[in-house]
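Architecture at a glance
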Amino acid sequence: MIQQPPPVQLPTLDAHDAAAAQSDPNHAYYWAYGDWAGGWTLDFGHYKGMPMNELPYYDYLLWTEENCHTERVSFQHALYQYTMGLQDQVNKCPGDFIIPFESQHCGKCIKDCGDAFLRFLVAKRKTPEEVQKYELFYLALQNYLNQLANQTIKNLGSSSRLNFGLLTPSSSQTQQDLQLSPRKQNAKGLQSPRNQRLTQRKRSVPTNRAQYQ
């Protein structure tokens, strides 16, 4: 069985920028590399000693969040920050999301896969459980294909929409194709039941780990 890759391809930062992203909560990539976000090092379980941003998001981190003990506040806080950043990337850089399924394309970014394969992912039947589990990925796929279609239309100077397997982002048919129910969004991203729980557990960024030990 292939181990699921991380959810998104992160940019490579130089030493100075990486240090800032690790310690400064206002840095653009703190969500990915921050000590209390994606860069948080697990202190328990199978992946103990590894940073959150290198771990399987759907198969491990979300499962752990659902099943971990309530006293693991530091893990829950870090996952909240990481998830909020991922939700932001769904709109900013959808092509950087990585194929999480076991296939010949597993581990590749959406932007590196052929159009036929991406349309297949949109068209294939999905269980409600699969859609909920991989919600971020399917939304990124939707956004990427629509951005691609819009760019092609712009380049051709056409007002008609090409068939890339999706319609406009506002179309109800797009939601139906992906079997995604419309999601209410706010400044903190998608409010699925899991994110509502994470929101309730939100903490201010700690200054040191001693606060939770």
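This is a predicted model, so every value here is computed, not measured. (Residues numbered from 1 in each chain as written. Predicted model: local features only at pLDDT ≥ 70, side-chain atom pairs only at ≥ 80, totals over all residues. Heavy atoms only, no water.)

1. Quick notes on the packing of helix α3 (residues 57–67) against helix α4 (residues 73–92)
Axis angle and axis distance: for two packed helices, these are the angle between their axes and the distance between the axes, and together they describe the pair. Following both chains from N to C, one finds α3 and α4 inclined at 135 degrees, their axes separated by 10 Å at the closest point. One way to sum up the angle between α3 and α4 is to call them oblique. As α3 packs across α4, the resulting crossing turns out to be left-handed. Residues Y57, L61, T64 and E65 of α3 pack against F75, L79, Y82, T83 and L86 of α4. A per-class count over the contact of α3 with α4 returns 6 nonpolar, 2 polar and 1 charged. (Axes fitted to C-alpha atoms, helices over the stretch in contact; angles between N-to-C directions. Helix = DSSP H or I, 4+ residues; strand = E, 2+ residues; numbered from the N terminus. Parallel < 35°, antiparallel > 145°, perpendicular 65-115°, else oblique. Left-handed = near helix turned anticlockwise from the far one by under 90°. Contact = heavy atoms within 4.5 Å. Nonpolar A, V, L, I, M, F, W, Y, C, P; charged D, E, K, R; others polar.)

2. As for the packing of aromatic side chains
Evaluated as defined, the whole model comprises 13 aromatic pairs. Seen from their ring centres, W31 and Y82 are 6.1 Å apart, and the 20 degrees between their planes marks the pair as stacked. With W31 in helix α2 (residues 30–33) and Y82 in helix α4, the pair connects residues that are 51 residues apart, well separated along the chain. By relative accessible area, which is 10% here, W31 ends up buried. Ring-pair connections join several aromatic residues into one group, and the members of that group are Y29, W31, Y57, Y58, Y82, F101, Y134, F137 and Y138. (Phe/Tyr/Trp six-rings, centres within 6.5 Å; stacked < 30°, edge-to-face > 60°. Buried < 20%, exposed > 50% of the residue type's maximum accessible area, 1.4 Å probe, protein only.)

3. A word on the packing of helix α5 (residues 115–123) against helix α7 (residues 135–156)
Taken N-terminus to C-terminus, the directions of α5 and α7 make an angle of 130 degrees; their axes are 11 Å apart at the nearest point. In terms of their interaxial angle, α5 and α7 are classed as oblique. α5 and α7 meet at a crossing whose hand is left-handed. Note on element contacts: α7 touches α5 through F137, Y138, L141, Y144 and L145, opposite D115, L118, L121 and V122. For the contact of α5 with α7, the residue count by class is 8 nonpolar, no polar and 1 charged.

By themselves, these figures tell us nothing about what the structure is for.
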